[in-house]
Amino acid sequence: MSKLSSRHSILIYLLLAGFYLPGTSAGVDLPFVDSHVHFNWDQKEITEASDVVAKLRRGGVVFAVVSSTPSELALELQRAGPDIVLPIFSPYTHQLGRRDWYLNDSTLRRAEAGLRQGLYHGIGEVHFMAGFRPRPDNQIFEQLLQLAARYDVPVLIHIDAANEQMFLSICRRYPDLKLIFAHAGGNLYPRHIRKLIAGCSNVTVEISARDPWRFDGLTDDDGRLLEGWRELVIEFPGRFMTGTDPVWKVTRTQTWDQSDEGWDYFEQLIDYHRRWIDDLPPAVQQQISHENARRLFGWPRGRE
Ligand SMILES: [Zn+2]
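So, how was this worked out
Residues numbered from 1 in each chain as written. Predicted model: local features only at pLDDT ≥ 70, side-chain atom pairs only at ≥ 80, totals over all residues. Heavy atoms only, no water. Core = buried A, V, L, I, M, F, W, Y, C linked by side-chain atoms within 4.5 Å. Buried < 20%, exposed > 50% of the residue type's maximum accessible area, 1.4 Å probe, protein only. Helix = DSSP H or I, 4+ residues; strand = E, 2+ residues; numbered from the N terminus. Contact = heavy atoms within 4.5 Å. Arc of directions from axis to C-beta. Donors = N, O, S within 2.8 Å, 3.2 Å for Na, K, Ca; no water. Disulfide = S-S within 2.5 Å. Pairing = 2+ DSSP bridges. Axes fitted to C-alpha atoms, helices over the stretch in contact; angles between N-to-C directions. 1 Å grid on protein atoms, 1.4 Å probe; cavity = no way out; pocket = protein on both sides within 12 Å on 5 of 7 lines; lining within 4 Å. Points joined across faces, edges and corners; volume = space filled by probe spheres on them. Nonpolar A, V, L, I, M, F, W, Y, C, P; charged D, E, K, R; others polar. Right-handed = clockwise from strand over helix to strand, strands pointing away.

### Digging into the nonpolar core
In this structure, Ile-157, Leu-179 and Ile-193 are the most contacted members of the largest nonpolar core, which totals 72 residues. With 6 residues, the top contributor of residues to this core is helix 6 (residues 139-151). Not counting residues up to four positions away in its chain, the partners in contact with Ile-193 are Phe-181, Ala-184, Leu-188, Val-205, Trp-229, Leu-232 and Phe-240. Membership of the second largest hydrophobic core comes to 14 residues, among which are Ile-180, Met-241, Phe-297 and Trp-299.

Below is the structure:
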């Protein structure tokens, strides 16, 4: 074998072995649906819509499910990347909307108008924090769920509770509604999520924001899923999806006078999720990385 061809064979070997491909170690070729993204007013102050879209494209994102405060910002982001941004309706329609969305029915009128026009493809994120208002039996929230059922769109719900009961009470009341349980792995352990999965076939579990820089609890030091999570995900691969949730204010005193630099960390976050997905059996990787979210949101809608 000549010197040249032996060098070639070494190179081909290295390529086949997965070396010499910077950036592909965590399976960057795998299509990825980012099922939990925000483009809020305090993020827009320092990150342009076009920059967000460029980051999504570089990250190999098929589409991103975007919830914004105020909700119109998700539409603005979509204008910057119509083929990659899927807006959902946030009931937080103004900067401090998280404090009063549940008090009057203007939220419902806006939601209805946006869904009727086909601007939004889901509802959320709606937060219920222990000890704070509103409660999950709030009437405006109930009517939002009914709207979602009528338009057959998923609802993304974030509940901070000590167990799965509160979420179970919602998904059992609306067995035909597509519900997303946000941020599994925080307060709740795999045994709780197992009960949720068993109790409601209409729930998809989403694992954003459980990275080591914020809430943690999902992976070991090597970035692999902890055993309980791994077992659950492999047992029910059709019930999980994930996302980056690039909001950084959760890590420091909540302030309303500072911008949120979460999008600066997007690459780090998507790499983290790709890494734990990469450690799963190939068929499970495909489901969690993109197939489940595509099915839930009815993508591609003729975009690909
Ligand atoms: Zn969120």
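### Structural notes on helix 9 (residues 227-235)
Looking only at helix 9, the buried set comprises Trp-229, Leu-232 and Val-233. In an axial view of helix 9, the angular spread of the buried residues amounts to 95°, which keeps them on one side of the axis. Buried residues along helix 9 sit against helix 8 (190-199), strand 8 (240-241) and helix 11 (282-297).

### Re the coordination of the zinc ion
Looking at the zinc ion, the protein donor atoms are His-36 (NE2), His-38 (NE2) and Glu-125 (OE), and they sit 2.0 to 2.1 Å from it. Counting along the primary sequence, the residues that act as donors to the zinc ion give the motif H-x1-H-x86-E. Accessibility assignment for this pair places His-36 and His-38 in one class, buried.

### Thoughts on the state of the cysteines
Taken as a whole and assessed by the stated rule, the structure comprises 1 disulfide. Through a disulfide, Cys-171 is tied to Cys-200; the S-S separation comes to 2.1 Å. Here the disulfide of Cys-171 and Cys-200 is right-handed, its torsion about the S-S bond being about 80°. Placement of the pair is Cys-171 in helix 7 (residues 165-173) and Cys-200 in the loop between helix 8 and strand 7 (203-206), with a sequence separation of 29 residues. Neither residue differs from the other here; Cys-171 and Cys-200 are each classed as buried.

### Remarks on the sheet that holds strand 3 (residues 85-87)
With parallel pairing, the 3 strands of this open sheet are ordered in space as 1-2-3. If you trace the sheet from one side to the other, it starts and ends with strand 1 (32-38) and strand 3, each paired once. Direction aside, the axes of adjacent strands within the sheet are offset by 25° on average. As defined by bridge partners, strand 2 (residues 61-67) adjoins strand 3 across 3 bridges and the pair is classed as parallel. Bridging across to strand 3, Ala-64 finds its partner in Val-85. Contacting strand 1, strand 2 and strand 3, helix 11 runs over the sheet at an angle of about 65° to strand 1.

### A word on empty space enclosed by the protein
Counted by the stated rule, this structure contains 1 cavity of 30 Å³ or more. For the largest cavity, the calculated volume is near 50 Å³. If you tally residues by element for the lining of the largest cavity, the top one is strand 5 (residues 155-160), at 3 residues. For the lining of the largest cavity, the class distribution of residues is 5 nonpolar, 3 polar and 2 charged.

### Comments concerning the pairing of strand 7
Residues Val-203 and Val-205 point to one face of strand 7 and Thr-204 and Glu-206 to the other, with burial holding for every one of them. Pairing analysis gives 3 bridges linking strand 6 (residues 179-181) to strand 7, with the strands arranged parallel. By the bridge assignment for strand 7, Phe-181 is matched with Val-205. Note that the unit made of strand 6, helix 8 and strand 7 has a crossover that is right-handed.

Coordinates in, geometry out; function isn't part of it.
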